[in-house]
Amino acid sequence: MLKYMLNQVADLDRVFHALADPGRRLMLERLSQGPASVSELGRPLAMSLAAVVQHVQVLEASGLVRSQKTGRTRTCAINPAALRSAESWISDRRTLWERRLDRLGGYLADAAGSPPPSSPPSPPPSPPRSPRDDHDPLRDRPEEEHHD
């Protein structure tokens, strides 16, 4: 059981590592439209074909992309199952934090003796300013009286 969980964590780490690079994310966006060759994936990127191949290898190692070589052309396709695992992990964390924040909101509302707000309260209107509001006692004191 522990080995299975550790493998899942390692797989998820590889997915997030692959997604951390903007060039690889751009490749995935292109692949979301359908399969593409490695050279086609590298076309919008300012990098050598060898660098594109390395990025594709990272995407393959993460499970986000599968590739198939036919003749001299390597065609890549997206693997949506790997994206679903990252999406599921993020969704689980979001649900956990939403519950925690809902409980905190309920607690704070109970402590304040009011029902929990359905939307954030608007700030109270500011009172009209008078010329005395601009008076700063520290600024208007002689220098020797300042205490920092």
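Residues numbered from 1 in each chain as written. Predicted model: local features only at pLDDT ≥ 70, side-chain atom pairs only at ≥ 80, totals over all residues. Heavy atoms only, no water.

Undergrad: What am I meant to see in the overall build of the protein chain here?
TA: Each helix and strand counted, the protein chain has six helices and three strands in total. Counting over 148 residues, the protein chain shows a buried share of 19%. Summed over its atoms, the accessible surface of the protein chain is roughly 11,600 Å², and 56% of this surface lies on carbon and sulfur atoms. (Helix = DSSP H or I, 4+ residues; strand = E, 2+ residues; numbered from the N terminus. Buried < 20%, exposed > 50% of the residue type's maximum accessible area, 1.4 Å probe, protein only. Areas by Shrake-Rupley, 256 points an atom, 1.4 Å probe, with all protein chains shown as cover.)

Undergrad: What exactly am I supposed to notice about a nonpolar patch on the surface here?
TA: The grouping of Leu96, Trp97, Leu101, Leu104, Tyr107 and Leu108 at the surface amounts to a nonpolar patch, some 640 Å² of accessible area in total. Secondary-structure assignment places leucine 101 in helix α5 (residues 80-112). Note on leucine 101: relative accessible area 52%, which makes it exposed. (Patch = residues over 30% accessible without salt bridge, like charges linked within 9 Å, V, L, I, M, F, W, Y side chains within 5 Å. Salt bridge = Lys/Arg side-chain N within 4 Å of Asp/Glu carboxyl O.)

Undergrad: Please clarify how the sheet that holds strand β2 (residues 65-70) should be interpreted in this entry.
TA: Two strands in a sheet stick together by hydrogen bonds in their backbones, pointing the same way (parallel) or opposite ways (antiparallel). Taking strand neighbours across the sheet as the criterion, the three strands line up as β1-β3-β2 in an open arrangement whose pairing is antiparallel. The sheet is open, and its two borders are formed by β1 (36-37) and β2, each paired with just one other strand. By the bridge criterion, two bridges tie β1 to strand β3 (residues 73-78) in an arrangement that is antiparallel. Among the inter-strand pairings, alanine 36 is bridged to a residue of β3, identified as cysteine 76. Strand contacts of helix α2 (residues 22-31): β1, β2 and β3, with the helix running at about 85° to β3, the strand carrying the most contacts. (Pairing = 2+ DSSP bridges. Contact = heavy atoms within 4.5 Å. Axes fitted to C-alpha atoms, helices over the stretch in contact; angles between N-to-C directions.)

Undergrad: Quick question: what am I supposed to make of the packing of aromatic side chains here?
TA: The geometry of an aromatic ring pair comes down to the distance between the two centres and the angle between the two planes. Under the criterion given, the structure shown has one aromatic pair. Positioned over the ring face of tryptophan 97 is arginine 100, at 4.8 Å from the centre of the ring. (Phe/Tyr/Trp six-rings, centres within 6.5 Å; stacked < 30°, edge-to-face > 60°. Lys NZ or Arg CZ within 6 Å of the ring centre and 35° of its normal.)

Undergrad: How do you make sense of the nonpolar core when you look at a structure like this?
TA: Across soluble globular proteins, nonpolar side chains show a tendency to be buried alongside one another. Counting residues in each nonpolar core, the largest one holds 18 residues, and the members touching the most others are Met27, Leu41, Val56, Leu59, Leu64, Val65 and Cys76. Elements supplying a minimum of two residues to this core: α1 (2-19), α2, α3 (38-42), α4 (49-62) and α5. If we skip the residues at most four places from it in the chain, leucine 41 touches Met27, Arg30, Leu31, Ala36, Val56 and Cys76. (Core = buried A, V, L, I, M, F, W, Y, C linked by side-chain atoms within 4.5 Å.)

Undergrad: How should I be thinking about the pattern of salt bridges in this particular structure?
TA: Oppositely charged side chains can pair when the atoms bearing their charge come close. Applying the stated criterion to the full structure yields two salt bridges. Between arginine 14 and aspartate 11 there is a salt bridge; the shortest N-O distance is 2.4 Å. A residue pair is termed a helical-turn pair when its members lie 3 or 4 positions apart in one helix, as arginine 14 and aspartate 11 do in helix α1 at three residues. The class of arginine 14 is partly exposed, set by a relative accessible area of 37%. Taking relative accessible area as the criterion, aspartate 11 reaches 38% and is therefore assigned partly exposed. Here glutamate 40 makes a salt bridge to arginine 30, at a shortest N to O gap of 2.6 Å. Of the two residues, glutamate 40 is situated in helix α3 and arginine 30 in helix α2; the sequence distance between them amounts to ten residues. Taking the relative accessible area as the measure of exposure, glutamate 40 reaches 27% and is therefore partly exposed. Taking the relative accessible area as the measure of exposure, arginine 30 reaches 22% and is therefore partly exposed.

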